[in-house]
Amino acid sequence: MRARYGVPLKVTAVGAAVGAAGLAYAAGFEARSFRLRRVTVPVLPHGARPLRVLQVSDIHMVSGQRKKRAWLQSLAGLRPDFVVNTGDNLSDPEAVPEVLDALGPLMEFPGVYVFGSNDYYGPKLRNPARYLLEKVQGKHGLNGNEPAVGVVHNPWEPMRDAFDEAGWLNLSNTRGLLKLDGMEVAFTGLDDPHIKRDRYAEVQGGPTSGADLSIGVVHAPYLRSLDAFTADGYPLILAGHTHGGQLCIPFYGALVTNCDLDTDRVKGLSSHTVGDHRAYLHVSAGCGTNRYTPVRFACPPEVTLLTLTGRA
């Protein structure tokens, strides 16, 4: 019996040990290994001074995450020209005060924001394999399904009010304009396409006339939103939502994006083309996780400092 079953038992034990070690790394180290991504994007008028933009996304704050709060607070030392928050600040209905504490120093700078589904609704416990199944089936979140029912409703209104009081512009299906030391940066934003709250018809019409730069802002980078912004002539689109794939395969990359965006553009700077129109697209991998899947693998949490420069 010992000769017949010893090897399989050892293999099973080794496999279990490796799996446990990987889980411990993904949850205990990488999910808390916060990084700053730096990206340069040539979208300003020729000769314009550079603008430094801090994009924060997918914080998914849970009460008690002191390291994440302290790290976010420290980012004010970067002294950005403005901040763009692309949503999903919450993963705990009790965490609104901690989100505001974390972002407090950044709220001293000009900023804009859109919300994501997890700002409005609390997360559900899901089998991670469902994301792969939904990808195969062409289904993504609540896109194409009925509105969310039977879920926790997060207290997002106090967060919105605090952002507004700090002077951040709410871009939920609307436009906004920041004046920055002699430059005007215009924004067109959408509410979250992942839960069918986007209303592009209410903001269509292209970049703001007279602005030095117009930026499209949305939480989830669904193709219908990217197509609309690009066809209208926006040179830059900022989004989040994907978590960079969250659980990636080393030297291969992401398996899913949790929307209909391809995995090649799951995070970082890329481009989007519609006809003869082309836009830069930056998708933040975010700095948090759903509270029920607090792991990241080969995809560390991040915030991005984008330096916008003049076009050649």
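Reading the values: the criteria
Residues numbered from 1 in each chain as written. Predicted model: local features only at pLDDT ≥ 70, side-chain atom pairs only at ≥ 80, totals over all residues. Heavy atoms only, no water. Salt bridge = Lys/Arg side-chain N within 4 Å of Asp/Glu carboxyl O. Helix = DSSP H or I, 4+ residues; strand = E, 2+ residues; numbered from the N terminus. Buried < 20%, exposed > 50% of the residue type's maximum accessible area, 1.4 Å probe, protein only. Pairing = 2+ DSSP bridges. Right-handed = clockwise from strand over helix to strand, strands pointing away. Contact = heavy atoms within 4.5 Å. Axes fitted to C-alpha atoms, helices over the stretch in contact; angles between N-to-C directions.

As recorded in an unreviewed UniProt entry, the chain goes by Metallophosphoesterase and comes from Streptomyces microflavus.

Enquirer: Looking at this structure, I do not really get the pattern of salt bridges. What am I missing?
Expert: It is possible for side chains bearing opposite charge to pair when their charged atoms get close. Counted according to the given criterion, the structure contains 11 salt bridges. Residue R49 is joined to D81 by a salt bridge in which the shortest nitrogen-to-oxygen separation is 3.6 Å. Placement of R49 in the loop between β1 (35-44) and β2 (51-56) and of D81 in the loop between α2 (66-74) and β3 (82-85) is noted, with a sequence separation of 32 residues between them. E184 serves as the salt-bridge partner of K179, at 4.0 Å between the closest nitrogen and oxygen. Among the charged side chains, a network of salt bridges with common partners joins R49, D81 and D181.

Enquirer: It is not clear to me how unusual backbone geometry should be interpreted in this structure. Could you clarify?
Expert: When glycine is set aside, most residues are seen to have a negative phi, and most peptide bonds are trans. Backbone geometry at K196 places phi at a positive 60°, although glycine is not the residue there. When you line up the elements, K196 lands in the loop between β7 (183-189) and β8 (213-217).

Enquirer: Is there a simple way to explain the pairing of β2 in this structure?
Expert: A regular strand places its side chains so that they alternate between the two faces of the sheet. The element β2 is extensively covered by neighbouring structure, given that five of its six residues are classed as buried. The pairing of β2 with strand β12 (residues 302-310) spans five bridges and is antiparallel. Within the sheet, the bridge partner assigned to Q55 lies in β12 and is T304. Where β2 and β3 come together, four bridges link them in parallel fashion. Its bridge partner being in β3, V53 is matched across the sheet by F82. Crossover β2 to β3 through α2 is right-handed.

Enquirer: Before we go on, may I ask you to explain the sheet that holds β12 in this structure?
Expert: Sheet strands pair by backbone hydrogen bonding; their relative direction is either parallel or antiparallel. Strand order in the open sheet formed by six strands is β1-β12-β2-β3-β4-β5, with mixed pairing between adjacent strands. In this open sheet, the two strands that pair with only one neighbour each are β1 and β5 (169-170). Relative to strand β4 (residues 111-113), β3 runs parallel, the two being bridged by three bridges. When the sheet's bridge partners are listed, V84 is paired in β4 with V112. Contacts from helix α6 (residues 156-165) reach β3, β4 and β5 within the one sheet, and its direction differs from that of β4 by about 155°.

Enquirer: I'm lost on the environment of M159 in this one. Help?
Expert: Relative to the elements of secondary structure, M159 occurs in helix α6. Each C-alpha atom, one on M159 and one on L90, is 9.9 Å from the other, the two residues being 69 residues apart in sequence. Among residues more than four places away in sequence, those in contact with M159 are N89, L90, V96, V99, L100, F115 and D119.

Enquirer: I would appreciate a short explanation of the environment of L226 in the present structure.
Expert: Relative to the helices and strands, L226 is located in helix α7 (residues 223-231). Placed 13 residues apart in sequence, L226 and A239 show a C-alpha to C-alpha distance of 9.6 Å. Sequence-distant contacts of L226, that is, excluding residues within four places in its chain, are made with P221, I237, L261, H272 and L281.

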